Amino acid sequence: MTIVGVAEAWDWARAEFGHAELGDVRRTRRLVRVGAGVLARPGGTIGAVFDNPADLHGAYDFVENDAVAPEALMDAMSLATARRACAFDSVWIATDGSSINITDLKRKKQTGSIGAGNRKARGDKVHTALVLDPEGIPLGLCTQAHWQRGKKRVKSAHDKRLTSEKETQRWLDVRDATRQVMRSYAPGVRLHFLHDREADAWPVLLDAAHSEAGEYTTMRAQWDRRLVNEEQTQDAPTRYLRQALAQSEILGTYDLEVVAGPNRTARTAKMEVRACQVTLDLKDKRTDRHHVAPVYAVVTREVSALPKGQQAVEWLLLTTYPVSLLEDARWVIAGYAKRWRIEQFHLAWKSAGTDVESMQLEAADHRARWSLILAAVAVALLRWQLLARDRPSTPATEEFSNDQIEAVRDLQVRVEVPLRGSVTVGQMVRAIAFLGGWTGAKARPPGTKILARGWERVTAYLWGLKQREMKRKAASEADENARC
């Protein structure tokens, strides 16, 4: 086979970063080289990825180059994601905030406070939009905002601040940035945003309710919000969201397999579904101004007998997707379940795959550049994991090169990849997982940390073959020169 070693990751890196506009083509080439190196050998620190002195210094020079705007890296990743999304009529966009913990005892690393104030933890805040295909397989990041919190504000002043002065604005910014990218590069693709309960704030709801046609939003409700009183009389009783749902008709029921977890027993739960169209009465407490937001409310709640000490499973969702039948409600519920993909991305990015929290770069922009590269790789690792689980029959050649497949054939500790003939993604990922120390337990499918560990063995093997081939060629050339 042709020996290309770590360069096998370059096809992916070129697709993700090769079109980046960084002001100098040499910077773009370096970005591609750094991205390929990280995919070949995932690690949270530059030193953990690169042991070749030239590549190590090149990576540091790139990450610390203030002429490279982190936004330019994100623009390249967004374009690559939008191009992949063009293959589908619609995509899910899961957005959520998180934080990167950075050790900064002396507060010299341009960090801000994260988490609860009494923890005194330091680091960076991020808000990410992850684009998923209709089946929930990650296509890439559409945007990721990085910032540092300033001094803590007095809680009592929260209602008096402008939305632009609150972290609520981050949800709006990411939604708007995603729209701009997708309208520019994937204009025919329908967007469906997925948000957790933290997004249940009046500015986000208002933005969702009055978005353009062809765009939908589903979020989990945190508050039992007041509804507009349609009777417009002083004596009419005030209606709230849960009251309206309780008075609505039952659309139907379905069975849900509840997996075991902390304080949760595995069981088959009978779920009851109700839905209704409502108009939310949204109040801006700073100005006392009221806004109306027409949406659909969907609640799915466990109605079967509960194990002792357990709480019923319940989701109360607000959506702009029209819901009139059980099938509509089930589609919204199933769609919201895909929001969990962004939590899986955070795990793959922060600890289980690329270990971004192990970096200790001092400047905020340096961390932003490096963490964006790691984020792109984390999405790729998560994509492999989910393809192997949800679409295992996908041809391996759609995700891996022939040389990578041959390397796994050579290395596999048990025959998962056939010694001859075609190979699937499922077979490749299982073989890589065994190389990373997976036990093969059906109850615990391989995670991104195991895959990253196994993938490192594959790339190290290819790198060794490349070095051996280079030495052989050098010796052959030396012999030829001696004969001349």
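Structure report, in brief.

Analysis parameters
- Residues numbered from 1 in each chain as written.
- Predicted model: local features only at pLDDT ≥ 70, side-chain atom pairs only at ≥ 80, totals over all residues.
- Heavy atoms only, no water.
- Helix = DSSP H or I, 4+ residues; strand = E, 2+ residues; numbered from the N terminus.
- Rg over C-alpha atoms; globule rule 2.2 N^0.38 Å.
- Buried < 20%, exposed > 50% of the residue type's maximum accessible area, 1.4 Å probe, protein only.
- Contact = heavy atoms within 4.5 Å.
- Lys, Arg positive; Asp, Glu negative; His and termini not counted.
- Charge placed at Lys NZ, Arg CZ, Asp CG, Glu CD.
- Core = buried A, V, L, I, M, F, W, Y, C linked by side-chain atoms within 4.5 Å.
- Salt bridge = Lys/Arg side-chain N within 4 Å of Asp/Glu carboxyl O.
- Axes fitted to C-alpha atoms, helices over the stretch in contact; angles between N-to-C directions.
- Parallel < 35°, antiparallel > 145°, perpendicular 65-115°, else oblique.
- Left-handed = near helix turned anticlockwise from the far one by under 90°.
- Nonpolar A, V, L, I, M, F, W, Y, C, P; charged D, E, K, R; others polar.
- Polar contact = N/O pair within 3.5 Å; in protein donor to acceptor, adjacent residues only side chain to side chain.
- Patch = residues over 30% accessible without salt bridge, like charges linked within 9 Å, V, L, I, M, F, W, Y side chains within 5 Å.
- Areas by Shrake-Rupley, 256 points an atom, 1.4 Å probe, with all protein chains shown as cover.
- Pairing = 2+ DSSP bridges.
- Expected span 1.5 Å × (residues − 1).

**Re the overall build of the protein**
In terms of regular secondary structure, the protein is built from 14 helices and ten strands. For the protein, whose C-alpha radius of gyration is 25 Å, the value lies close to the compact-globule estimate of 23 Å for 484 residues. Along the longest, intermediate and shortest principal axes, the C-alpha atoms of the protein span 105 × 50 × 45 Å. Of all 484 residues assigned to the protein, the portion counted as buried reaches 50%. Restricting to contacts in the protein with at least 6 residues of sequence separation, those with at least 24 account for 65%. Of the charged side chains in the protein, 71 are positive and 61 negative, and the gap between their average positions amounts to 5 Å.

**Focus on the nonpolar core**
One finds F345, W349, W370, F400 and M428 to be the most contacted residues of the largest nonpolar core, which totals 81 residues. When residues in this core are grouped by element, the largest group, 16 residues, is from helix 11 (residues 364-390). Core analysis: the second largest hydrophobic core is formed by 24 residues, W202, V204, L206 and A221 among them.

**A word on the pattern of salt bridges**
Taken as a whole and assessed by the stated rule, the structure comprises 31 salt bridges. The salt bridge involving R41 is made with E456; its shortest N-O contact spans 3.5 Å. Here E456 lies in helix 14 (residues 448-483) and R41 lies in the loop between helix 2 (25-40) and helix 3 (46-49), a separation of 415 residues in the sequence. The exposure class of R41 is partly exposed, given its relative accessible area of 26%. Linking D390 and R341 is a salt bridge whose minimum nitrogen-to-oxygen distance equals 3.4 Å. Taken together, the positions of D390 in helix 11 and R341 in helix 10 (residues 340-352) put the pair 49 residues apart, joining distant regions of the chain. A relative accessible area of 32% places D390 in the partly exposed class. Relative accessible area serves as the criterion here: at 9%, R341 is assigned to the buried category. Connected via shared salt-bridge partners are R175, R179, D207 and E215.

**Notes on unusual backbone geometry**
The phi dihedral of Q110 is positive, around 55°, even though this residue is not glycine. Here Q110 shows up in the loop between strand 1 (90-101) and strand 2 (112-114). In this structure, D355 takes a positive phi of about 55° despite not being glycine. Mapped onto the elements of the fold, D355 is located in the loop between helix 10 and helix 11. Overall, D355 belongs to the partly exposed group, its relative accessible area being 30%.

**Re the packing of helix 12 (residues 402-411) against helix 13 (residues 425-435)**
In the contact formed by helix 12 and helix 13, the axes pass within 10 Å of each other and the chain directions differ by 50°. Of the possible angle classes, the one that applies to helix 12 and helix 13 is oblique. Crossing handedness for the pair helix 12 and helix 13: left-handed. Across from Q404, I405, V408 and L411 in helix 12, the residues of helix 13 making contact are M428, A431, I432 and L435. In the contact of helix 12 with helix 13, the residues fall into seven nonpolar, one polar and no charged.

**Description of the side chain of D281**
Here D281 shows up in strand 8 (residues 267-284). Of the residues examined, D281 reaches a relative accessible area of 17% and is grouped as buried. At 2.8 Å, the side chain of D281 and the side chain of H290 are in polar contact.

**So, a negative patch on the surface**
A contiguous patch of negative charge on the surface is contributed by E21, E71, D75 and D365. One can find D75 in helix 5 (residues 70-85).

**Concerning the pairing of strand 3 (residues 121-132)**
Consecutive residues of a regular strand have side chains that alternate between opposite faces of the sheet. Strand 3 sits mainly inside the fold: twelve of its twelve residues count as buried. As paired strands, strand 1 and strand 3 are joined by ten bridges and run antiparallel to one another. Note on strand 3: the bridge partner recorded for S99 is K125. As defined by bridge partners, strand 2 adjoins strand 3 across three bridges and the pair is classed as antiparallel. Bridging across to strand 3, S113 finds its partner in R122. The sheet contact formed by strand 3 and strand 4 (residues 138-147) spans eight bridges and is antiparallel. Paired with H127 across the two strands is A145, which belongs to strand 4.

**Quick look at the packing of helix 2 against helix 11**
Put simply, helix 2 and helix 11 touch, their axes get as near as 10 Å, and they point 45° apart. With respect to each other, helix 2 and helix 11 are oriented oblique. Helix-helix and strand crossings are classified by hand; for helix 2 and helix 11 the assignment is right-handed. Residue-level inspection shows L31, V34, G35, V38 and L39 of helix 2 in contact with helix 11, the latter providing W370, I373, L374, V377, A380 and W384. In the contact of helix 2 with helix 11, the residues fall into ten nonpolar, one polar and no charged.

**Digging into helix 14**
One turn of the α-helix equals 3.6 residues, which is why residues spaced by three or four share an orientation. Across its 36 residues, helix 14 extends 52 Å between first and last C-alpha, which sits within 8% of the 52 Å expected from 1.5 Å per residue. For helix 14, the set of buried residues is T448, I450, L451, A452, G454, W455, V458, T459, L462 and L465. Next to the buried residues of helix 14 lie helix 2, helix 10, helix 11, helix 12 and helix 13.

**Describing helix 5**
Over its 16 residues, helix 5 extends 23 Å from the first C-alpha to the last, a length consistent with the 22 Å expected when each residue adds 1.5 Å. Among the 16 residues in helix 5, twelve count as buried, and that is most of the element. Residues of helix 5 that are buried include every one of P70, A72, L73, M74, A76, M77, S78, L79, A80, T81, A82 and A85, and no others.

**Points about the environment of I114**
When you line up the elements, I114 lands in strand 2. Separated by 38 residues in the primary sequence, I114 and A76 place their C-alpha atoms 28 Å from one another. Here I114 is in contact with S99, I100, N101, A121, R122, G123, D124, K125 and R149, once residues within four sequence places are set aside.

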